[in-house]
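Close look at the chain arrangement
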Amino acid sequence: MSSAADRPAVEVRGLTKRYSGTTAVDGLDLSLPRGHVLALLGPNGAGKTTTVETCEGFVRPDAGTVSVLGLDPVTQSEKLRPRIGVMPQGGGAYPGVRAEEMLRLVAACAANPLDPAWLIETLGLSGSARTPYKRLSGGQQQRLSLACALIGRPELVFLDEPTAGMDPQARRLVWELVRALRTDGVTVLLTTHLMEEAEALADHVVIIDHGRVVAEGTPSELTSEHPAEAQLRFRARAGMSTELLAAALPEDCRVVESSPGAYLVSGPVDPQVVSTVTAWCAQQGVLAEELHVGRRSLEDVFLDLTGRELRS
Amino acid sequence: MTFPAGTFTPSPGTGRLGRMLLTHARTEAMLTLRNGEQVLLTLLIPLALLVGLTLVPIVSLPDPRVDEVTPRIFALAIMSSAFTGQAIALGFDRRYGVLRRLAATALPRWLLVAGRVVGGLAVVVIQIVLLAVVAAIMGWSPDAVGLLWTVVLILLGALAFGALGVLLGGALKAEVVLAVANIVWFILLLAGGIMVPASSMPGVLGDLVALLPSGALAEGLHGALVSGAPGWQPFLVLVLWGAAASALATRTTKLT
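Source: prediction; values computed, not measured.

About the cut-offs
- Residue positions are given per chain, counting from 1 as you read along its sequence in written order.
- Labels follow written order: the first chain is A, the first ligand is 1, and so on.
- Restriction of local features to residues with pLDDT of at least 70 applies here, the model being predicted, together with a cutoff of 80 or more for giving and counting side-chain atom pairs; totals for whole chains, interfaces and linings are based on all residues.
- Excluded from the side-chain calculation are hydrogens and water; included are all heavy atoms of the structure.
- UniProt positions are given in the numbering used here, feature names are shortened, and annotations may be inferred rather than shown by experiment.
- A run of H or I in DSSP counts as a helix once it spans at least four residues, and a run of E counts as a strand once it spans at least two, with each numbered from the N terminus.
- Following DSSP output, two strands are said to pair if at least two bridges run between them.
- Axis definition: a line fitted to C-alpha atoms, limited for helices to the stretch in contact. Angles are taken between N-to-C directions and run from 0 to 180 degrees.
- Note on definitions: a residue-residue contact is assigned when non-hydrogen atoms from the two residues lie within 4.5 Å.
- Salt bridge, as applied in this entry: a Lys or Arg side-chain nitrogen positioned within 4 Å of an Asp or Glu carboxyl oxygen.
- Note on classification: 1.4 Å probe, protein chains only; a residue is buried when its accessible area is under 20% of the maximum for its type, exposed when over 50%, partly exposed between these limits.
- Side-chain rings of Phe, Tyr and Trp (the six-membered ring for Trp) are treated as a pair once their centres are within 6.5 Å; stacked means planes under 30 degrees apart, edge-to-face means over 60, and tilted covers the remaining angles.

Let us look at the UniProt feature "transmembrane region" (unreviewed entry) in chain B. Residues and elements named next belong to chain B. The UniProt entry lists residues 39–61, 73–92, 113–140, 146–169, 176–198 and 231–250 under the feature "transmembrane region" (unreviewed entry), expressed in the numbering used here. Regarding residues 176–198, the helix share stands at 70% and the strand share at 0%, and the terminal C-alpha atoms are separated by 29 Å. With 90% helix and 0% strand, residues 231–250 has its two end C-alpha atoms placed 31 Å apart.

Structure follows, in structure tokens:
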């Protein structure tokens, strides 16, 4: 009993999945302890959904092993499905079904479901309880889909982009729900491309790109991977020489003009560095304005790792 | 909003089989009966043709006309809901991801099919009862022995057409399913042995039409309800179509 409880809820080793020539997931490892929240963070097309769908048993891996609650999601699907809750990307319901009708159907599949009427009200769907699914807004469809994932009181829930298409109020509500799930001992694996969301909810963040893990850790580990690493931003006249400024600073400081007139110094920023920057600006006859020193955000980590170009 | 501790404490498990089947089947049936286009296809068109062909002598039929018309309208109604209606519904259900949604619950795979079958059969029962009541009002007098055969034929017809509907609706894009299902319905109605009996078609054409599911069902129902003797051929033809379509559909049906 204790050995089963000690095993991670989700354990993925060397997962690889190819779709007609392109490799969606490329040797991915993942481990999610029970009762924890893991955020799979990555740009569009990074392999997040394929990874989640493999854990749910919808996708058969080409290589590697996947163990979910100690079960093989493909061959032991009938045993696994009663224990998990799934929120697929883009939801899923009959086009003509009413929200409560759909939720009651999914509730009937569970032994001890939550009260559908309560969940409908909690998720703010009471006002559209009689509206056919196809006429619900994207955010309302997402909320119904979340309700379907939670109704059966699962041990483990998979939430694929749970807040996509939601307004800020609904997003806050989903965050509250995920926190309540964690408090009550439910294991959560969610995907997102919102750094803020991963930072706010997750115990573990796994950043993936091109189907591979590029970084992982707690949000604070990821943002302080280089403890001395900090950033100094300031505004001044555009077109100053970043080489000359870098030469005046310690060797491991980097200087870029991120947009005309906006400068970014990253590295071991200490009071001496700040003083050197302002003094150097004074020599150039300019005033360093809006000077700001900060830690790297998860967003910086994410963009550093996955690049800043727009993905199609 | 905050949630009291323990609100989501895990308590997983599979629901009771009977309740899952009943809820799934009822949802499927209710969705059909609430959908305007489905009601037009499965109820209003068969009812209009039943009344129209009985009361208006545009085609010459032996008297009483209602006895000749009713079995053929039963066949049309079954084809409409089990084949065309099922195919279109499945095509759009796949588009909206409902099969994947249900496949991710504790619902066993066989119940995913069984719920749809029972829901579809419930709609067929409603169609037949309604049409039979209207036919009875117009003086329909079916053969008493044939009624038993009729029940078997209706069941086989619904399953064979249902399997064909799943085969079509489970494989192609929703819009293509919509077009093909309606075209096939129209062709089978006019030339597949429903409006024009296979037995009154010339030579080999009549034999071939009797081998179509529509021709077999219409001839079988006509034989059962008019003379009480449908013969064995319609049963065999429907079983073969149903088995072949089911075997093929299990390989081709996609969840999304």
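That was the structure; now back to the text.
Here we come to the sheet that holds strand E4 (residues 63–68) of chain A. All names here are of chain A. Here three strands make up an open sheet; going across it, the order is E2-E1-E4 and the pairing antiparallel. The open sheet has two free edges, formed respectively by strand E2 (22–32) and E4, since each of these has just one partner strand. Along the sheet, successive strands turn relative to each other by an average axial angle of 25°, direction set aside. In this sheet, E2 lies alongside strand E1 (residues 10–19) in antiparallel orientation, the contact comprising eight bridges. Paired with Val10 across the two strands is Leu32, which belongs to E2. Its contacts with the sheet put helix H2 (residues 48–56) on E1, E2 and E4, and the angle it makes with E1 is roughly 120°.

Attention now moves to the pattern of salt bridges. Pairs can form between side chains of opposite charge once their charged atoms are near each other. Enumeration over the complete set of coordinates arrives at 17 salt bridges over all chains. Between Arg100(B) and Glu53(A) there is a salt bridge, with the nearest N and O atoms lying 2.8 Å from each other. With Arg100(B) in helix H4 (residues 98–103) and Glu53(A) in helix H2, this pair bridges two chains. Each member of the pair, Arg100(B) as well as Glu53(A), is classed as buried. Notably, a salt bridge pairs Arg182(A) with Asp203(A), separated by 2.7 Å at the nearest N-O pair. Remark: Asp203(A) occurs in the loop between helix H8 (195–201) and strand E8 (204–209) and Arg182(A) occurs in helix H7 (residues 168–183); sequence separation between them is 21 residues. With relative accessibility at 37%, the residue Arg182(A) sits in the partly exposed group. A relative accessible area of 16% means that Asp203(A) is categorised as buried. Within this structure, Arg34(A), Arg83(A) and Glu155(A) form a network of salt bridges that share partners.

Another point: the packing of aromatic side chains. Under the definition given, this model contains nine aromatic pairs over all chains. Here Trp118(A) and Phe8(B) contribute two aromatic rings whose centre-to-centre distance is 6.2 Å and whose plane-to-plane angle is 50°, an arrangement assigned as tilted. In this pair, Trp118(A) is assigned in helix H5 (residues 116–122) and Phe8(B) in the segment before helix H1 (17–34), connecting two distinct chains. Accessibility expressed as a relative area gives 30% for Trp118(A), which makes it partly exposed. Relative accessible area serves as the criterion here: at 3%, Phe8(B) is assigned to the buried category. Ring geometry for Trp149(B) against Phe235(B): centres 5.4 Å apart, planes inclined by 70°, an arrangement best described as edge-to-face. Taken together, the residues Trp149(B) in helix H6 (residues 144–169) and Phe235(B) in helix H10 (residues 233–252) connect sequence positions 86 residues apart. Phe235(B) gets classed as buried once you look at its relative accessible area, which sits at 15%.

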